[in-house]
Amino acid sequence: MEPVNVADYERLAEQALPQDVFGYYAGGAEDEQTLRDNLAAWTRWHLRPRVLVDVGGVTTSTTVLGQEVALPILLAPVAYQGLAHPDGERGSARAAAAARTIMCLSTFANTAPAELAEAVPGGAHWFQLYWFRDSGVMRELVQQAVEASFGAVVLTVDAAVPARRERDVRTGFRITPDVPVPSVVAALGNPASGPPGELFSLVTPSVTWRRLEELSEFGLPVVLKGIVTAEDARLACEHGAAALVVSNHGGRQLDGGIPTADALTEVVDAVEGRIEVYVDGGIRRGSQVVKALALGARAVLVGRPFLWGLAVDGAAGVERVLTLLQAELAHALALCGCTSPADVTPAHVTRARL
Ligand code: FNR
Ligand code: LAC
């Protein structure tokens with residue numbers, strides 16, 4: 001049966017993938033409360049549609065950091081995409097380019113920044129950074145992204161220490177040398193094998209706000225990913241971030257943390273329009289993108305949705321997932337009386353009365 005939505009792709013991906021890989025992709029930390037809450041939180045906001053507006057011509061296009069995108073939906077950084085499909089990160093990047101949106105390449109990608117740029121010239125790419133204990137390796141990675149014309153550095157700040165993911169412990173999920181990770185090879189001199197948490201111990205737990213300025217010298221805008229409080233949103237503005245992503249890592253790091261749909265308001269209020277705010281976590285429908293825009297996000301990122309597309313059908317599957325989400329978004333915009341993302345206002349959303 002032809003998949004018609006993200007949930008269909010998830011079911012097909014579960015059938016297509018080895019159980020341990022699916023568990024790693026789908027899973028979250030500990031009791032997976034935040035993983036579930038991320039999904040549920042979007043349903044606790046309701047849209048307030050306006051009617052009798054001419055919606056004969058609807059566009060989903062907007063800009064992020066000044067870059068035009070055909071839809072306010074970016075590909076979140078997701079590690080080890082080579083385990084989903086042989087197309088790996090190159091496939092996701094090709095699909096993002098075809099959809100005219102941005103792909104964030106993970107530090108733990110199976111493809112190096114230079115390889116991605118070569119495979120998908122003309123694509124819009126951002127580089128997600130994990131700050132390795134070995135600063136030299138960290139700097140070489142960012143420098144490579146700069147030379148490969150990446151548009152931003154996305155520093156992930158919600159993963160100071162490795163995650164506790166019990167699904168992975170149970171399945172015995174391991175990274176193996178047959179699908180190497182270029183950053184890990186650069187750091188260790190060989191393609192390590194082991195549970196993901198072991199590879200993650202390459203990342204320093206000691207980076208603080210004061211060290212952010214070390215990133216500014218690369219000349220790329222710095223986006224902070226993983227902010228969920230007003231306090232940290234203010235600090236992000238004060239420390240020169242170009243944008244921030246309200247994110248809890250898809251419920252994969254701190255379990256019991258606030259769902260992102262609920263954190264968005266306090267972050268947007270604290271930012272006071274100084275920088276762009278994006279959000280990710282649990283977004284599975286175009287109508288939820290409208291809710292995110294109404295709550296003050298400039299754009300959203302999706303992780304698992306495109307990963308399911310990749311697992312099912314490589315680059316073509318990612319492209320199809322993006323096409324579906326874009327069609328849902330255009331539809332929801334029209335039914336809300338909006339002809340573009342810019343038409344969406346805070347009045348288009350209200351807290352659900354349960
Ligand atoms: C991630 N995420 C992530 N984030 C990051 O900054 N660097 C990374 O390497 C990864 N790796 C990763 C792997 C897998 C399998 C998943 C599912 C997620 C988090 C990701 O960027 C994003 O924040 C979440 O995926 C958003 O939630 P949804 O859309 O998956 O619900
Ligand atoms: C993850 C790490 C790699 O979420 O960010 O699995």
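Residues numbered from 1 in each chain as written. Chains lettered and ligands numbered in written order. Predicted model: local features only at pLDDT ≥ 70, side-chain atom pairs only at ≥ 80, totals over all residues. Heavy atoms only, no water.

> Please provide a residue-by-residue account of the site of ligand 2, values included.
Near ligand 2 the following residues occur: Tyr 24, Ala 79, Tyr 130, Arg 165, His 249 and Arg 252. One of the side-chain N or O atoms of Tyr 130 is found 2.5 Å from an oxygen atom in ligand 2. In this structure, an oxygen atom belonging to ligand 2 sits 2.9 Å away from a side-chain N or O atom of Arg 165. Per-class residue counts for the shell around ligand 2 are 3 nonpolar, 1 polar and 2 charged. (Near = heavy atom within 4 Å. Polar contact = N/O pair within 3.5 Å; in protein donor to acceptor, adjacent residues only side chain to side chain. Nonpolar A, V, L, I, M, F, W, Y, C, P; charged D, E, K, R; others polar.)

> Which residues make up empty space enclosed by the protein, and what values go with them?
Throughout the structure, instances matching the rule amount to 1 cavity of 30 Å³ or more. Counted as a void, the largest cavity has a volume near 30 Å³. Looking at the largest cavity, the residues that line it are Ser 106, Thr 107, Ala 109, Thr 111, Ala 112, Pro 113, Phe 127, Leu 141, Pro 182 and Ser 183. Considering only residue class, the lining of the largest cavity consists of 6 nonpolar, 4 polar and no charged. (1 Å grid on protein atoms, 1.4 Å probe; cavity = no way out; pocket = protein on both sides within 12 Å on 5 of 7 lines; lining within 4 Å. Points joined across faces, edges and corners; volume = space filled by probe spheres on them.)

> Any chance you could break down helix H2 (residues 19-26) for me, citing the residues and the numbers?
Counting buried residues in H2 gives 6 out of 8 residues, a clear majority hidden from the surface. When we look at burial in H2, the residues that qualify are Val 21, Phe 22, Gly 23, Tyr 24, Tyr 25 and Ala 26. On its buried side, H2 packs onto helix H1 (6-16), helix H3 (33-43), helix H7 (166-171), helix H9 (196-200) and helix H14 (304-335). (Buried < 20%, exposed > 50% of the residue type's maximum accessible area, 1.4 Å probe, protein only. Helix = DSSP H or I, 4+ residues; strand = E, 2+ residues; numbered from the N terminus. Contact = heavy atoms within 4.5 Å.)

> Any details on the site of ligand 1? Residues and values, ideally.
The local shell around ligand 1 holds 24 residues, among which Pro 77, Ser 106, Thr 156, Asp 280 and Gly 282 are the closest. Take Arg 304: an N or O atom from its side chain is 2.9 Å from an oxygen atom of ligand 1. Computed on the free molecule, ligand 1 has an accessible area of 600 Å², of which 99% lies beneath the protein chains in the complex. For the shell around ligand 1, the leading source of residues is H14, giving 3 residues. (Areas by Shrake-Rupley, 256 points an atom, 1.4 Å probe, with all protein chains shown as cover.)

> Pulling in residues and values, what's your account of the packing of aromatic side chains?
This model, assessed by the stated rule, comprises 11 aromatic pairs. Residues Tyr 24 and Tyr 25 carry aromatic rings whose centres are separated by 5.7 Å and whose planes lie at 50 degrees to one another, so their mutual orientation is tilted. By relative accessible area, which is 7% here, Tyr 24 ends up buried. Considering the side-chain rings of Tyr 24 and Phe 173, the 4.8 Å spacing of their centres and the 20 degrees angle between planes classify their relative orientation as stacked. A residue pair is termed long-range when its members are at least 10 positions apart, and Tyr 24 in helix H2 and Phe 173 in the loop between H7 and helix H8 (182-188) qualify at 149 residues. Three or more aromatic residues joined by ring pairs form one cluster here, namely Tyr 24, Tyr 25, Tyr 80, Phe 108, Tyr 130, Phe 132, Phe 173 and Phe 200. When the ring centre of Tyr 24 is taken as origin, the NZ or CZ atom of Arg 252, which lies over that ring, is 4.7 Å away. Across the ring face of Trp 45, the terminal group of Arg 351 is positioned such that the distance to the ring centre comes to 4.6 Å. (Phe/Tyr/Trp six-rings, centres within 6.5 Å; stacked < 30°, edge-to-face > 60°. Lys NZ or Arg CZ within 6 Å of the ring centre and 35° of its normal.)

Don't take any of this as a statement about function, it's just geometry.
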